[in-house]
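What follows is the residue order along each chain.
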Amino acid sequence: MNGLQGSVDFGAGRLSGPSQVQSLFTKVHRYVGLTLAFFLIIIAGTGSIIAFYDDLERTFNARMRVVVPQEKGWTLDDALRVRAQLEAQDPRSHVFSLQFPQKPDEALFSRVMPAIDPVSGRPFEIDYDEVFANPYTGERLGQRVIGAATLRPEGLPSFLYYLHYALIFPLGLGILLIGSLGLVWAFEVLTGIYLTLPPKPKKSKAGNPPRPFLKRWSTSWKVSKGNNSNRFILDLHRASGLWLWALLLIFAVSGFAMNLGGYYAAIVSKFADYEHFQEAPPRPPLKEPLLNPPVDWFQAAELGQRYFAEQARVEGFTLGKPAALEYRRDLGLYFFLMHTSRDLLDGQGNPTETNSPATAATIAIDARDGRFVGLQLPRGQRSGNTVTSWLMALHVTAIGGRPVQIAVSLFGLLVVGISVTGVLLWWRRRKARRPKPRRAANVPNPKGEPAKGGATR
């Protein structure tokens, strides 16, 4: 392994001696990268699969996801009555979020949390957090725990999705960990770019001018064709990171934003106009949860539609289909989501990800008196929201249709490759630095001649 010593600096990716600053950043990049590698392999690997999450769900979980369309259709009131029926079937449950189908054959999807026991004042225990129903008949199609570990086909997409944003940890801890790793990953990407920059050229004794910066840097963007496998792995790791650095940074930042939206909002709002009602609510939590609000779900839906019509005239957008209705009992607020001309659309011009602020407008409604609290549009209203919406929509493949899904899936595999080559570089470098075994004096060597000293090379 002579190629490991002298000719190739694995950490900095340079052919000359690094400065003290570069050496420091090399070590930081190396060991932060090693720490991240395990997580990134899982996150990126699962991400390359769940880029097709909706297709996987409709294929493997058709029993709960797909229904037979009916000519009579369904109304918003029908969906709300189904919601009330779902709660009545299990009084221990509180259906707090209802996502309205966007296609005729889609099921009604709802998120669930434990209801509060009126006797003890404590939440009931339930063993599910998602429920699916037929929007035409109200039939309860099934329920599940998001991310439950399973190899059964109908539960596998959900399990992979959970692994992607929370790993194997409890939801709160997993979201905190993955969101924090997003920031660390962004830092790792930036240090990686710095370490590819060419060193400052030395003055030529002959007085010849140094090569231009871009020509010297161009080496870092290429993969050598030589026979040195160590150099090939280094070039592959370095060049792929450079060519993909913008996407790496986008997915790192958007991963932080999606998992730790409140912290992201606190940071971004210092530099740009930004609102995120669900993660950074427009008002603080109530002293006590509002369990039976004066404004019920049906009234909230009516108010939401009326407020949207008013805001559409003021802000100059057109209205599409209702997307979702959610009640936050800790805030005493309803969030009514509707598709509008300000959505980010998929490749066929259709809205996707109905519960995402990137692809649906949100109106906040006070559950105590029905007062309009605020409007949040995906784009064209606040600069911070517009940029963030594009980042999130790309992350969840909510734009561009199938080509973007394929591109994001391939990107995930490339991130796995970058992580693996980084670990391989460290391992080979570590092996190269191990001391060679010493032979005892006068022990015959393979040619049958006695050794002349201690260690042999």
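Residues numbered from 1 in each chain as written. Predicted model: local features only at pLDDT ≥ 70, side-chain atom pairs only at ≥ 80, totals over all residues. Heavy atoms only, no water.

S.K.: What should I look at first to understand the nonpolar core in this one?
M.R.: Soluble globular proteins: nonpolar side chains tend toward being buried together. With 35 residues, the main nonpolar core has Phe308, Leu325, Tyr334 and Phe336 as its most contacted residues. Listing elements by their share of this core, those giving two or more residues are α4 (76-89), β1 (93-99), β2 (108-114), β3 (130-133), α11 (297-315), β5 (319-328), β6 (333-340) and β7 (361-366). A per-element tally of this core places α11 first, with 7 residues. Beyond its immediate sequence surroundings of up to four residues, Phe308 is in contact with Phe317, Leu319, Phe336, Leu337, Met338, Thr340, Ala361, Thr362, Ile363 and Leu375. Counting 22 residues, the second-largest nonpolar core is a separate cluster that includes Ala44, Val189, Leu248 and Val404. (Core = buried A, V, L, I, M, F, W, Y, C linked by side-chain atoms within 4.5 Å. Buried < 20%, exposed > 50% of the residue type's maximum accessible area, 1.4 Å probe, protein only. Helix = DSSP H or I, 4+ residues; strand = E, 2+ residues; numbered from the N terminus. Contact = heavy atoms within 4.5 Å.)

S.K.: I would appreciate a short explanation of the confidence of the model for the chain in the present structure.
M.R.: In low-pLDDT segments, the atomic positions of the prediction should not be examined closely. Put simply, the chain has an average pLDDT of 86, and 87% of its residues get 70 or more. Within the chain, no element has a lower average pLDDT than helix α7 (residues 213-217), which sits at 86, and none a higher one than α11, at 97. The model gives residues 1-16 a pLDDT under 50, and that stretch makes 39 contacts with residues more than four places away or in other chains. Note that pLDDT drops below 50 for residues 452-457; the model gives that stretch 7 contacts with residues more than four away or on any other chain. (pLDDT = per-residue confidence, 0-100.)

S.K.: Explanation requested: unusual backbone geometry in the structure shown.
M.R.: Backbone phi values are negative for most residues with the exception of glycine, while trans is the configuration of most peptide bonds. Phi angles above zero are rare outside glycine, and Leu167 is one such case at about 55°. Position of Leu167 relative to the elements: it lies in the loop between α5 (156-166) and α6 (171-196). Unlike most non-glycine residues, Thr397 shows phi in positive territory, near 50°. Tracing the sequence through the fold places Thr397 in the loop between α12 (383-395) and α13 (401-433). The class for Thr397 is buried, based on a relative accessible area of 11%.

S.K.: What's the story with the packing of α6 against helix α9 (residues 245-259) in this structure? I'm lost.
M.R.: Taken N-terminus to C-terminus, the directions of α6 and α9 make an angle of 155°; their axes are 8 Å apart at the nearest point. In terms of their interaxial angle, α6 and α9 are classed as roughly antiparallel. Here the hand of the crossing between α6 and α9 comes out left-handed. Residues Gly174, Ile175, Ile178, Gly179, Gly182, Leu183, Trp185, Ala186, Val189, Leu190 and Ile193 of α6 touch α9, and the partners they reach there are Trp245, Leu248, Leu249, Phe251, Ala252, Val253, Gly255, Phe256 and Asn259. Of the residues that constitute the contact of α6 with α9, the class distribution is 15 nonpolar, 5 polar and no charged. (Axes fitted to C-alpha atoms, helices over the stretch in contact; angles between N-to-C directions. Parallel < 35°, antiparallel > 145°, perpendicular 65-115°, else oblique. Left-handed = near helix turned anticlockwise from the far one by under 90°. Nonpolar A, V, L, I, M, F, W, Y, C, P; charged D, E, K, R; others polar.)

S.K.: It is not clear to me how a nonpolar patch on the surface should be interpreted in this structure. Could you clarify?
M.R.: On the surface, a nonpolar cluster with roughly 220 Å² of combined accessible area is contributed by Val223, Phe232 and Leu236. Assignment of secondary structure puts Val223 in the loop between α7 and α8 (229-243). (Patch = residues over 30% accessible without salt bridge, like charges linked within 9 Å, V, L, I, M, F, W, Y side chains within 5 Å. Areas by Shrake-Rupley, 256 points an atom, 1.4 Å probe, with all protein chains shown as cover. Salt bridge = Lys/Arg side-chain N within 4 Å of Asp/Glu carboxyl O.)

S.K.: Is there a simple way to think about the sheet that holds β3 in this case?
M.R.: Pairing within the open sheet is antiparallel, and its 8 strands lie in the order β4-β3-β2-β1-β5-β6-β7-β8. Bordering the open sheet on either side are β4 (140-144) and β8 (372-376), each of which pairs with just one other strand. Each strand axis lies, on average, 20° off the axis of its neighbour in the sheet, ignoring direction. (Pairing = 2+ DSSP bridges.)

S.K.: Would you take a moment to explain the pattern of salt bridges for this structure?
M.R.: Oppositely charged side chains can form a pair if their charged atoms are brought close together. Summed over all chains, the structure comprises 17 salt bridges. Residue Glu87 is joined to Arg83 by a salt bridge in which the shortest nitrogen-to-oxygen separation is 2.8 Å. One end of the pair, Glu87, and the other, Arg83, are both in helix α4, 4 residues apart, so they sit about a helical turn from each other. Owing to a relative accessible area of 6%, Arg83 belongs among the buried residues under this scheme. Where Asp366 meets Arg283, a salt bridge forms, and the shortest distance between an N and an O atom there is 2.6 Å. Of this pair, Asp366 sits in strand β7 while Arg283 sits in the loop between α10 (261-268) and α11, and the two are 83 residues apart along the sequence. We classify Arg283 as buried; its relative accessible area is 14%. By sharing partners, the salt bridges in this structure join Glu57, Arg65, Glu130 and Arg144 into a single network.

S.K.: I'm lost on helix α2 (residues 53-60) in this one. Help?
M.R.: Taken together, the buried positions of α2 are occupied by Tyr53, Leu56 and Glu57. All buried residues of α2 lie within an arc of 100° about the axis, which places them on one face of the element. Buried-residue contacts for α2 involve α1 (20-50), α3 (62-65), β4 and α5. (Arc of directions from axis to C-beta.)

S.K.: Mind showing me how you'd approach the environment of Ser341 here?
M.R.: The residue Ser341 is located in the loop between β6 and β7 in this model. Sequence-wise, Ser341 and Leu377 are 36 residues apart; in three dimensions their C-alpha atoms are separated by 9.8 Å.

S.K.: Got a minute to help me understand the side chain of Thr150 in this structure?
M.R.: The topology assignment puts Thr150 in the loop between β4 and α5. Of the residues examined, Thr150 reaches a relative accessible area of 19% and is grouped as buried. At a separation of 2.9 Å, a polar atom in the side chain of Thr150 contacts the main-chain amide nitrogen of Arg152. For Thr150, the residues in contact, after removing those within four places along its chain, are Gly155, Leu156 and Phe159. (Polar contact = N/O pair within 3.5 Å; in protein donor to acceptor, adjacent residues only side chain to side chain.)

S.K.: Looking at this structure, I do not really get the pairing of β2. What am I missing?
M.R.: The side chains of a regular strand alternate, first on one face of the sheet and then on the other. Here 6 bridges tie β1 to β2, and the two strands are oriented antiparallel to one another. Counted as the bridge partner of Ser97 is Arg111 from β2. Taken together, the 4 bridges between β2 and β3 define a ladder with antiparallel strand orientation. Within the sheet, the bridge partner assigned to Arg111 lies in β3 and is Glu130.

S.K.: I keep staring at the packing of aromatic side chains and nothing clicks. Help me out?
M.R.: The geometry of an aromatic ring pair is captured by two quantities: the separation of the ring centres and the angle between the planes. All told, the structure shown has 19 aromatic pairs when counted by the stated rule. Between Tyr307 and Phe372 the ring centres are 5.4 Å apart and the planes differ by 65°, which places this aromatic pair in the edge-to-face class. Of this pair, Tyr307 sits in helix α11 while Phe372 is found in strand β8, placing the two residues 65 residues apart along the sequence. On the basis of relative accessibility, which here comes to 27%, the residue Phe372 falls in the partly exposed class. (Phe/Tyr/Trp six-rings, centres within 6.5 Å; stacked < 30°, edge-to-face > 60°.)

S.K.: Help me understand α9, please; the structure alone is not making it clear to me.
M.R.: At 3.6 residues per turn, the α-helix brings residues three or four places apart onto the same side. Here α9 contains 15 residues, and its C-alpha end-to-end distance of 21 Å stays within 8% of the 21 Å for a straight helix at 1.5 Å per residue. Where α9 is buried, its residues touch α5, α6, α8, α10, α12 and α13. (Expected span 1.5 Å × (residues − 1).)

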